[in-house]
Amino acid sequence: KIFQAVVSCIGGDGTIYIIPKLFETALNKLMAEMQNTFKGLGLLIPYCWKKGEACVVRGSDTLWYRAKIIEVSGSTLQVQYIDRGYIESIPQCHLYPTTFYTGIPPFCIPCQLYKTLPIGNFWQQDAVDYLQELLKNEEVEIHVKELPDNPWGKLSISLYFGGISLSSFMAYQKYCVAEDCQDIQKLGVFEGDLSPSYMLQPLPVPGETFPVTVTHLVSPKEVYICLDSSGNLTKHSATERAASCDSESLNKALKWCNKIVKTLPHLTNFKKDLPCLAEYVDGLWYRAKLLSVTQLVPVQILVQFVDYGTYLVAPTSRLRHIPCHLLKYPVQAVRVLLAGFRPASDDKNVERIPYSPEWSLKALWTMVDCVEGKRLSASILTVSPEVTISLYGDDKNLVHLKLIEMGLAELDQ
């Protein structure tokens, strides 16, 4: 069985507590009922607590949770939140004995990694801390491998985050030995003979109107677009739906890669068009490809972020190997030329785009204003030798008409 779940906590012994996504609605309903049932403080009169006894606990967030007594020690009790998994020491005044809700099974499931042996036969504290930092409150994919011998035992699972097996990843980090490490190649830590490359984004058929966003402008005529799944056009083509699914999955995979990026090796091969991960100015890592070496001492590399079209000159410290599973997603940004206009022959603005001097900087900034943050739509005219499109604004008019009105461009028939 395969299902999605949220990791609620990691036990001190490395137990992974998960809440299946299918349980979330029922758990939220139970929590709401409990808040209405229990009010105020916990039990303020003396009470003889017993190990294993059911109770409700008032957490630090002032909400009530189901729990059970793990250990009694004077005025402080050690309890386990049965729907979350974590264990805390709580003063008695924050607890209340109850028989309410005891017939409802715990919503969280204790799990262990299938055929995975921790170094030293138990999970070391640094490994537990790492698992907690990596997984807590994150959504993951669970593959059930073996059921426990008793109902309160641990479920044996394979856990996948962002397409990567947790067992394989922890084995790569030398925290454990995993019997099945076949997908360790997905981490992209081995350089094979094959040169990896990105897949191109499939495009809608010419003549079909589809929603887009402009992610980067090279000039008023040359831009990068992404298919926009949030567009409000009445129907989406199969191409757009596939692009939307790819984009969501890619974003999840990149989120995980940003959590483990320090474990990925730095680049040592600077072949042109080589896929990699590159750190942008916002401190996050994105998919990129190498374009050229711009400086030798110190080494500076020109890269392009393939899902946006933007460029960056970066030191080698900001470039890392890309996990192979990130190559299965098509590049999100498509370079296109806009049809129907050309630079104005009488544009007197002195400031020009250095790499495209036929255009003035004023024309570029005007086009930025026309497309930035706008709900746009496009229609492909030709795909060869260049992808050429008509681009429409949220008022359904061609975006370049503003440039023509201002004398910054002229119609090109």
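Residues numbered from 1 in each chain as written. Predicted model: local features only at pLDDT ≥ 70, side-chain atom pairs only at ≥ 80, totals over all residues. Heavy atoms only, no water.

Novice: Lay out the overall build of the protein in plain terms, naming residues and giving numbers.
Specialist: Helix and strand counts for the protein stand at 6 helices and 27 strands. Taken over the C-alpha trace, the protein has a radius of gyration of 28 Å; the compact-globule value for 413 residues is 22 Å, which it surpasses by more than 25%. Taken over the C-alpha atoms alone, the protein extends approximately 90 × 50 × 40 Å along its principal axes. Residues counted as buried form 46% of the 413 residues belonging to the protein. For the protein, the share of sequence-separated contacts (at least 6 apart) that also reach a separation of at least 24 residues comes to 61%. Carbon and sulfur atoms form 55% of the exposed surface of the protein, whose accessible area is close to 21,700 Å². (Helix = DSSP H or I, 4+ residues; strand = E, 2+ residues; numbered from the N terminus. Rg over C-alpha atoms; globule rule 2.2 N^0.38 Å. Buried < 20%, exposed > 50% of the residue type's maximum accessible area, 1.4 Å probe, protein only. Contact = heavy atoms within 4.5 Å. Areas by Shrake-Rupley, 256 points an atom, 1.4 Å probe, with all protein chains shown as cover.)

Novice: Explain the UniProt feature "domain: Tudor" (unreviewed entry) in the protein to me, using residue names and the numbers behind them.
Specialist: When the UniProt feature table is mapped to this numbering, "domain: Tudor" (unreviewed entry) covers residues 48-105 and 269-329. Spanning residues 48-105, this segment combines 0% helix with 50% strand, and its end C-alpha atoms are found 25 Å apart. Counted over residues 269-329, helix gives 0% and strand 48%. Its end C-alpha atoms are 22 Å apart. (UniProt positions renumbered as here; feature names shortened; annotations may be inferred.)

Novice: Just give me the short version of the sheet that holds strand β20 (residues 319-320), but keep the residues and values in it.
Specialist: The strand order β19-β18-β17-β16-β20 describes an open sheet built from 5 strands, whose pairing is antiparallel. Each of the sheet's edge strands pairs with one partner strand only, and the pair in question is β19 (311-315) and β20. Relative to strand β18 (residues 300-305), strand β17 (residues 285-295) runs antiparallel, the two sharing 6 bridges. Looking across to β18, one finds that A288 is bridged to F305. (Pairing = 2+ DSSP bridges.)

Novice: Outline the domain arrangement of the protein, supporting the account with residue identities and numerical values.
Specialist: Domain boundaries in the protein define domain 1 (1-184), domain 2 (208-230 + 333-411) and domain 3 (265-322). With centres defined by C-alpha atoms, the gap from domain 1 to domain 3 works out at 40 Å. (Domains from an automatic or database assignment.)

Novice: Give a detailed account of the environment of I70, specifying residues and quantitative values.
Specialist: Within the secondary structure layout, I70 lies in strand β4 (residues 64-73). Along the primary structure I70 and A54 are separated by 16 residues, whereas in three dimensions their C-alpha atoms are 10.0 Å apart. Apart from the residues within four sequence positions on either side, I70 is in contact with K51, Q78, V79 and Q80.

Novice: Tell me about the pairing of strand β26 (residues 388-392), and please be specific about residues and values.
Specialist: Counted residue by residue, β26 has 4 buried out of 5 residues, so it is predominantly covered. Across 2 bridges, the pairing between strand β21 (residues 334-338) and β26 is parallel. Directly across from L337, in β26, lies its bridge partner T388. Alignment of strand β25 (residues 376-382) against β26, held across 5 bridges, turns out to be antiparallel. The residue of β26 that forms the bridge with S377 is Y392. Linking two consecutive strands that pair antiparallel, namely β25 and β26, is a turn of 5 residues.

Novice: Kindly report on the nonpolar core, identifying the contributing residues and their values.
Specialist: Of all hydrophobic cores here, the largest spans 31 residues; its most connected members are L135, L159, F161, L166 and M170. Take this core: its biggest share by element is 6 residues, from helix α2 (residues 125-135). In contact with M170, other than residues within four places in its own chain, are W123, A127, Y130, L131, Y175 and C176. Counting residues in hydrophobic clusters, the runner-up holds 29 residues, among them F210, W359, V387 and L391. (Core = buried A, V, L, I, M, F, W, Y, C linked by side-chain atoms within 4.5 Å.)

Novice: Run through the packing of aromatic side chains, naming residues and quoting values.
Specialist: Considering all chains together, one arrives at 17 aromatic pairs under this definition. Both rings, one in Y280 and one in Y286, keep their centres 6.3 Å apart while their planes meet at 85°; by these two values the pair is edge-to-face. You can call Y280 partly exposed: its relative accessible area is 29%. A residue is classified by how much of its surface remains accessible, and Y286, at 16% relative accessible area, is buried. Between the aromatic rings of Y280 and F305, the centroid separation amounts to 5.2 Å while the plane-to-plane angle is 80°, which identifies the pairing as edge-to-face. Residue Y280 is located in the loop between β16 (275-279) and β17, and its partner F305 is located in strand β18; the two are separated by 25 residues in the primary sequence. A network of ring pairs unites the aromatic residues F38, W64, Y96, F100 and Y101 as a single cluster. The aromatic ring of W152 is capped on one face by K68, whose charged end is 5.9 Å from the ring centroid. (Phe/Tyr/Trp six-rings, centres within 6.5 Å; stacked < 30°, edge-to-face > 60°. Lys NZ or Arg CZ within 6 Å of the ring centre and 35° of its normal.)

Novice: Which residues make up the pattern of salt bridges, and what values go with them?
Specialist: Tallied over the full model, the rule gives 14 salt bridges. Measuring nitrogen to oxygen at the nearest pair gives 2.7 Å for the salt bridge that ties D83 to R66. Note that D83 is positioned in the loop between β5 (76-81) and β6 (87-91) and R66 in strand β4, a separation of 17 residues in sequence. For D83, a relative accessible area of 4% corresponds to the buried category. Assessed through its relative accessible area of 4%, R66 is described here as buried. (Salt bridge = Lys/Arg side-chain N within 4 Å of Asp/Glu carboxyl O.)

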